[in-house]
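Architecture at a glance
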Amino acid sequence: MAAPAAGRGLLAAGPRPGLDLHLLQQLSPPPMFPAAPKTQLVLGSPGPATVAPKDVHFYDFLKPWLGDGLLLSAGDKWNSHRRMLTPAFHFNILKPYMKIFTKSADIMHAKWQHLVTEGHTHLDMFEHISLMTLDSLQKCVFSFDSNCQEKPSEYIAAILELSALVAKRHQQIFLHVDLLYYLTPDGRCFRRACRLVHDFTDAVIQERRRTLPSQGIDDFLKAKAKAKTLDFIDVLLLTKDEDGKGLSDEDIRAEADTFMFEGHDTTASGLSWVLYNLAKHPEYQERCRQEVQELLRDREPKEIEWDDLAQLPFLTMCIKESLRLHPPVTVISRRCTQDTVLPDGRVIPKGVICLISIFGTHHNPSVWPDPEVYDPFRFDPENIKGRSPLAFIPFSAGPRNCIGQSFAMTEMKVVLALTLLRFRVLPDKEEPRRKPELILRVEGGLWLRVEPLGASQQ
Ligand code: HEM
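Quick caveat: nothing in here was measured; it's all calculated off a predicted structure. (Residues numbered from 1 in each chain as written. Predicted model: local features only at pLDDT ≥ 70, side-chain atom pairs only at ≥ 80, totals over all residues. Heavy atoms only, no water.)

Let's talk about the sheet that holds strand E2 (residues 122-124)
Defined as follows: In this scheme, strands are said to pair when DSSP sees at least two bridges between them. What counts as a helix is a DSSP run of H or I of at least four residues, what counts as a strand is a run of E of at least two, and both are numbered from the N terminus. For helices, the axis comes from a line fit to the C-alpha atoms of the stretch in contact; other axes are also lines fit to C-alpha atoms, and the angle between any two N-to-C directions lies between 0 and 180 degrees. Whether two residues are in contact is decided by their heavy atoms: any pair within 4.5 Å suffices.
One open sheet holds the three strands; their spatial order is E2-E10-E7, and the pairing between them is antiparallel. This sheet does not close on itself; its edge strands, each paired only once, are E2 and strand E7 (423-427). In this sheet, neighbouring strand axes are inclined to one another by 45° on average, regardless of whether the strands run parallel or antiparallel. Pairing geometry for E7 and strand E10 (residues 447-452), over five bridges, is antiparallel. Counted as the bridge partner of Pro-427 is Leu-448 from E10. Where helix H5 (residues 97-117) meets the sheet, its contacts fall on E2, E7 and E10, and the angle it forms with E10 comes to roughly 85°.

Remarks on the coordination of the iron atom of the ligand
Rules: Water is not part of the atom set, so a site may look incomplete; the donors themselves are N, O and S atoms within 2.8 Å of the metal, or 3.2 Å for Na, K and Ca.
No protein donor other than Cys-402 (SG) coordinates the iron atom of the ligand, and that contact is at 2.3 Å. Structurally, Cys-402 can be placed in the loop between helix H16 (381-384) and helix H17 (405-422).

A look at the site of the ligand
Inclusion rule: Nearness is defined per residue: one heavy atom within 4 Å of the molecule or strand is enough. N or O atoms within 3.5 Å of each other form a polar contact, as long as, within protein, one can give a hydrogen and the other can take it, and as long as residues adjacent in sequence are counted only when both atoms are side-chain atoms.
Looking at the ligand, there are 28 residues lining it, with Tyr-59, Trp-78, Arg-82, Arg-334 and Cys-402 nearest. At 3.5 Å from an oxygen atom of the ligand is found a main-chain nitrogen or oxygen belonging to Leu-70. Arg-334 places a polar side-chain atom, nitrogen or oxygen, 2.9 Å from an oxygen atom of the ligand. For the shell around the ligand, the secondary-structure elements that each account for two or more residues are helix H3 (75-85), helix H12 (249-280), strand E3 (331-335) and H17. For the shell around the ligand, the element with the highest residue contribution is H12, accounting for five residues.

Considering H17
Formally: By this rule, a helix spans an expected 1.5 Å times one less than how many residues it contains. Think of it in three bands: with a 1.4 Å probe and only protein chains considered, a residue is buried below 20% of the maximum accessible area for its type, exposed above 50%, and partly exposed in between.
For H17, which comprises 18 residues, the first-to-last C-alpha distance of 26 Å matches the rise-based estimate of 26 Å (1.5 Å per residue) to within 8%. For H17, the tally of buried residues reaches 16 of 18 residues, placing the bulk of the element in the interior.

Observations concerning the environment of Gln-311
For Gln-311, the location among the structural elements is in the loop between helix H13 (282-296) and helix H14 (313-325). Sequence separation of Gln-311 and Val-292 is 19 residues, and the distance between their C-alpha atoms is 8.9 Å. Apart from residues no more than four positions distant in its own chain, Gln-311 is found in contact with Glu-291 and Leu-295.

Points about the environment of Trp-368
Secondary-structure assignment places Trp-368 in the loop between helix H15 (358-362) and H16. A relative accessible area of 1% means that Trp-368 is categorised as buried. Through-space distance from the C-alpha of Trp-368 to that of Arg-387 is 9.9 Å; in sequence the pair is 19 residues apart. Setting aside residues up to four positions removed in sequence, Trp-368 forms contacts with Arg-324, Thr-361, His-362, His-363, Arg-378, Phe-379, Arg-387, Ala-391 and Phe-392. Of the polar contacts made by the side chain of Trp-368, one reaches the backbone oxygen of Thr-361; its length is 3.4 Å.

Overview of H13
Quick reminder: α-helices carry 3.6 residues per turn. Residues three or four places apart thus point the same way. Helix length check: H13 (15 residues) gives 21 Å between terminal C-alpha atoms against 21 Å at 1.5 Å per residue, within 8%. Where H13 is concerned, the buried positions are Tyr-284, Gln-285, Cys-288, Arg-289, Glu-291, Val-292, Gln-293, Leu-295 and Leu-296. Once H13 ends, the next one or two residues include Asp-298, with phi positive near 65°.

Some remarks on unusual backbone geometry
It is generally the case that most residues other than glycine have a negative phi and that most peptide bonds are trans. Looking along the chain, the bond that leaves Glu-300 and enters Pro-301 is cis, with omega of -10°. Here Pro-301 shows up in the loop between H13 and H14. In the Ramachandran plot, Asn-147 falls in the positive-phi region, its phi being about 50° despite a non-glycine side chain. Its location among the elements puts Asn-147 in the loop between helix H6 (125-142) and helix H7 (154-171). Here Asn-147 falls in the partly exposed class, since its relative accessible area comes to 31%. We note that Asp-370 has phi near 45°; this positive angle belongs to a residue other than glycine. Tracing the chain through its elements places Asp-370 in the loop between H15 and H16.

Some points on the layout of surface pockets
With a probe scaled to a water molecule rolled over the atoms, the places where space remains empty come into view. Applied cut-off: Any residue with an atom within 4 Å of a point lines the site, the site being either a cavity, points on a 1 Å grid over the protein atoms alone where a 1.4 Å probe fits but cannot get out, or a pocket, an open set with protein on both sides within 12 Å along at least 5 of 7 lines. Grid points are joined across faces, edges and corners, and a volume is the space filled by probe spheres set on the points. Under the grouping applied here, Gly and all other residues not named as nonpolar or charged are polar, the nonpolar ones being Ala, Val, Leu, Ile, Met, Phe, Trp, Tyr, Cys and Pro and the charged ones Asp, Glu, Lys and Arg.
Considered as a void within the structure, the largest pocket measures approximately 370 Å³ in volume. Along the walls of the largest pocket sit 17 residues, with Lys-320, Phe-379, Ile-384, Arg-387 and Phe-392 positioned nearest its centre. Of all the secondary structure elements, the ones that give two or more residues to the lining of the largest pocket are H14, H16 and H17. If you tally residues by element for the lining of the largest pocket, the top one is H14, at five residues. Per-class residue counts for the lining of the largest pocket are eleven nonpolar, four polar and two charged.

A look at the packing of aromatic side chains
How we decide: Put simply, two rings from Phe, Tyr or Trp (the six-membered ring, in Trp's case) pair if the centres are within 6.5 Å, and we call them stacked under 30 degrees between planes, edge-to-face over 60, tilted for the rest.
Overall, the coordinates contain 24 aromatic pairs when judged by the stated rule. Between Phe-142 and Tyr-155, the ring centres sit 6.3 Å apart and the planes meet at 85°, which makes this aromatic pair edge-to-face. Of this pair, Phe-142 sits in helix H6 while Tyr-155 sits in helix H7, and the two are 13 residues apart along the sequence. Judged by its relative accessible area of 5%, Tyr-155 falls in the buried class.

Thoughts on the side chain of Gln-285
Take Gln-285: it is sitting in helix H13. Polar side-chain contacts of Gln-285 include one of 3.1 Å to the backbone oxygen of Leu-278. Excluding residues that lie within four positions of it along the chain, Gln-285 makes contacts with Leu-278, Ala-279, Leu-420, Phe-423, Arg-424 and Val-425.

Examining the pairing of E10
One ladder, built from three bridges, connects E2 with E10; its direction is antiparallel. Paired with His-122 across the two strands is Arg-449, which belongs to E10.

None of the figures reported here should be taken as evidence of function without further support.
If you want it as structure tokens, here you go:
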């Protein structure tokens, strides 16, 4: 998740020394608030970000909600939890989630069909897709179906409210002080929503512990894994460190809440923007559609299987190019643990906090000619040869990169493929205005026109 502050003074990171910083400042999304309280510096090369720890200051407002989960923890705790949680994203665990992604997309598309029949052809992608990603996550993390896409869910509403409140608080500098914030109506709402979300997670953990057999937990969970019904809570209950010590209930709650938070808005932003880019480029949209139709020809029901994911090369290029042009997380922050020498000889002293602009890196004109142009062929295997792996970092890089990257790419491919198979997307009259909050959003929502495709066109 992004470090939210991106002041004008922010120097964008680029894979090449000697960047035109003035240009990159112009290209960076507008600042959300004037200045962060600590020294900020810009990295000329993103290399050091792969080793330096995160700066916790920017994440403080999330702490009461997410506790010491992976995103916010540091040092030995993070190290040991990262190792314990990595198996949760193994492809054997992810594979069964394909059905969940398909089901959640089916529900969203049924809603779209219904809305179109009622004459509502303009839809806010962010609104619909965020609900869909939350629906999927709730099923993958807790095996819980709240039907949140069809009827209001208190829990889901609380997560949406918490995300919005954190973004709002970042913009109001006088509310950065806890004492003041919790006296305001927003602060009280934040407390209430936090309590609701924690109660939900605690209840699932307690229930799961109660139904676990007192003996042979490992065998019980392994049998569940074999039956492909393992959710993240099971994996968190199953995991043990080198000394055989498992996670406490509090740790499990923090990790589960972190997945719910980190996984929904980011993926929804990624999917909304790729639909926007394909709406603006009907020729690429059609080529993706043909690729999906070809793949699913003669198949009923039309479901994407795990092995199909590698058979959608053009669709994958379109997603990557969209993540370049519109990275869901625009900025991250790191603290230098040692003096860091930049390629041009300048030194960033130890202790300085650096903001690394993913947005700026992805718009560096010396690496990405005509950076504002949406061109999926930049990711053609022929064209990526020789490009630094740090030129494209939507999921960050190094040991603290996104642990949910495969989960997100899988969900985006499944949902995009099914969406293009069933709908044509067209741009709205008004151009969206980028709004970098915790993630890259759009002022007033990302509105597109959707046109259902008849069975013969699918
Ligand atoms: C398109 C979707 C996604 C994008 C663009 C994205 C991007 C990122 C980025 C840039 C970071 C680094 C943040 C930092 O250093 O401050 C990160 C970290 C993280 N992400 Fe994602 N993410 C996505 C989806 C997900 C999903 C689906 C999950 C979980 C289900 C997830 C879980 C996490 C966690 C737990 C971390 C913290 C990792 C650590 O510090 O060890 N993300 N993500």
